[in-house]
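Here is what each chain is made of, one letter per residue.
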Amino acid sequence: MARERAELWQEHITQWRSSGLSGMAYCKQESLAYGRFVYWRKKLAGSLGPDGAAPSGFARVAPVARLESADGLTVSLPGGVSITGLHAGNVDLLGAILRQL
């Protein structure tokens with residue numbers, strides 16, 4: 001039964017992607033509960049954890065050895081927040097931080 005349910009939702013998600021509609025509009029058109037749609041979209045995309053919970057939204061941050069050079073990129077965000085010392089070795093960290101904003 002669970003496999004059939006997953007297949008049904010996968011079909012809805014495939015149809016939604018090709019429809020050009022927002023998720024909410026597609027659910028309204030198909031008389032689907034939007035919350036269930038979001039749940040299955042995340043579950044089938046593999047973004048739910050093993051316990052079925054959504055990810056926390058936090059990114060893992062690890063210290064990086066300090067560079068002696070002052071060269072690097074500085075990103076200044078609204079509100080006075082600045083991220084400094086970005087370089088090719090930690091550009092993935094910048095991406096993870098910006099996705100959380």
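Residues numbered from 1 in each chain as written. Predicted model: local features only at pLDDT ≥ 70, side-chain atom pairs only at ≥ 80, totals over all residues. Heavy atoms only, no water.

What about unusual backbone geometry?
For Ser31, which is not glycine, the phi torsion reads 55° and is therefore positive. Its relative accessible area of 67% is what places Ser31 among the exposed residues. (Buried < 20%, exposed > 50% of the residue type's maximum accessible area, 1.4 Å probe, protein only.)

Points about the pairing of strand β2 (residues 82–86)
Pairing of strand β1 (residues 73–76) with β2, which is carried by three bridges, proceeds in the antiparallel orientation. Paired with Val75 across the strands is Ile83, a residue of β2. In this structure, the hairpin formed by β1 and β2 is closed by a connection of five residues, where Gly79 is found at a positive phi of approximately 90°. (Pairing = 2+ DSSP bridges. Helix = DSSP H or I, 4+ residues; strand = E, 2+ residues; numbered from the N terminus.)

Quick word on the packing of aromatic side chains
Going through the model one piece at a time under the given rule, you end up with four aromatic pairs. Note on Trp16 and Phe37: the rings are 5.3 Å apart at their centroids and 80° apart in plane angle, and the pair reads as edge-to-face. Of the two residues, Trp16 is situated in helix α1 (residues 2–19) and Phe37 in helix α3 (residues 34–44); the sequence distance between them amounts to 21 residues. With respect to class, Trp16 is no different from Phe37; both count as buried. Geometrically, the ring pair formed by Tyr39 and Trp40 is edge-to-face, given 5.5 Å between the ring centres and 90° between the ring planes. The class for Tyr39 is partly exposed, based on a relative accessible area of 26%. Judged by relative accessible area, Trp40 falls into the buried class, the value being 6%. The structure contains a cluster of three or more aromatic residues connected by ring pairs, namely Trp16, Tyr26, Tyr34 and Phe37. The ring centre of Tyr39 lies 4.8 Å from the NZ or CZ of Arg36, which sits over that ring. The ring of Trp40 is capped by Lys43, whose NZ or CZ atom sits 5.9 Å from the centre of that ring. (Phe/Tyr/Trp six-rings, centres within 6.5 Å; stacked < 30°, edge-to-face > 60°. Lys NZ or Arg CZ within 6 Å of the ring centre and 35° of its normal.)

Overview of the nonpolar core
Counting nine residues, the largest nonpolar core is built from Trp9, Ile13, Trp16, Tyr26, Cys27, Leu32, Phe37, Val38 and Trp40. Listed by contribution, the elements that provide at least two residues to this core are α1, α2 (23–30) and α3. Apart from residues lying up to four places away in sequence, Trp9 is in contact with Leu32, Ala33, Arg36, Phe37, Trp40 and Leu44. Listed in part, the five residues of the second largest apolar core include Val75, Leu77, Ile83 and Leu86. (Core = buried A, V, L, I, M, F, W, Y, C linked by side-chain atoms within 4.5 Å. Contact = heavy atoms within 4.5 Å.)

Re the confidence of the model for the protein chain
Taken residue by residue, the protein chain gives an average pLDDT of 78. The fraction at 70 or more is 78%. Across the protein chain, element-level confidence peaks in α2 with a mean pLDDT of 93 and bottoms out in β1 with 76. (pLDDT = per-residue confidence, 0-100.)

Thoughts on the packing of α1 against α2
Two elements in contact, α1 and α2, have axes whose closest approach is 10 Å; the angle formed by their N-to-C orientations is 120°. Classified by the interaxial angle, the pair formed by α1 and α2 is oblique. Both α1 and α2 take part in a crossing whose hand is right-handed. Taken together, the residues of α2 that come into contact with α1 (itself represented by His12, Gln15, Trp16 and Ser19) are Gly23, Tyr26 and Glu30. Along the lines of polarity and charge, the residues of the contact of α1 with α2 split into two nonpolar, four polar and one charged. (Axes fitted to C-alpha atoms, helices over the stretch in contact; angles between N-to-C directions. Parallel < 35°, antiparallel > 145°, perpendicular 65-115°, else oblique. Left-handed = near helix turned anticlockwise from the far one by under 90°. Nonpolar A, V, L, I, M, F, W, Y, C, P; charged D, E, K, R; others polar.)

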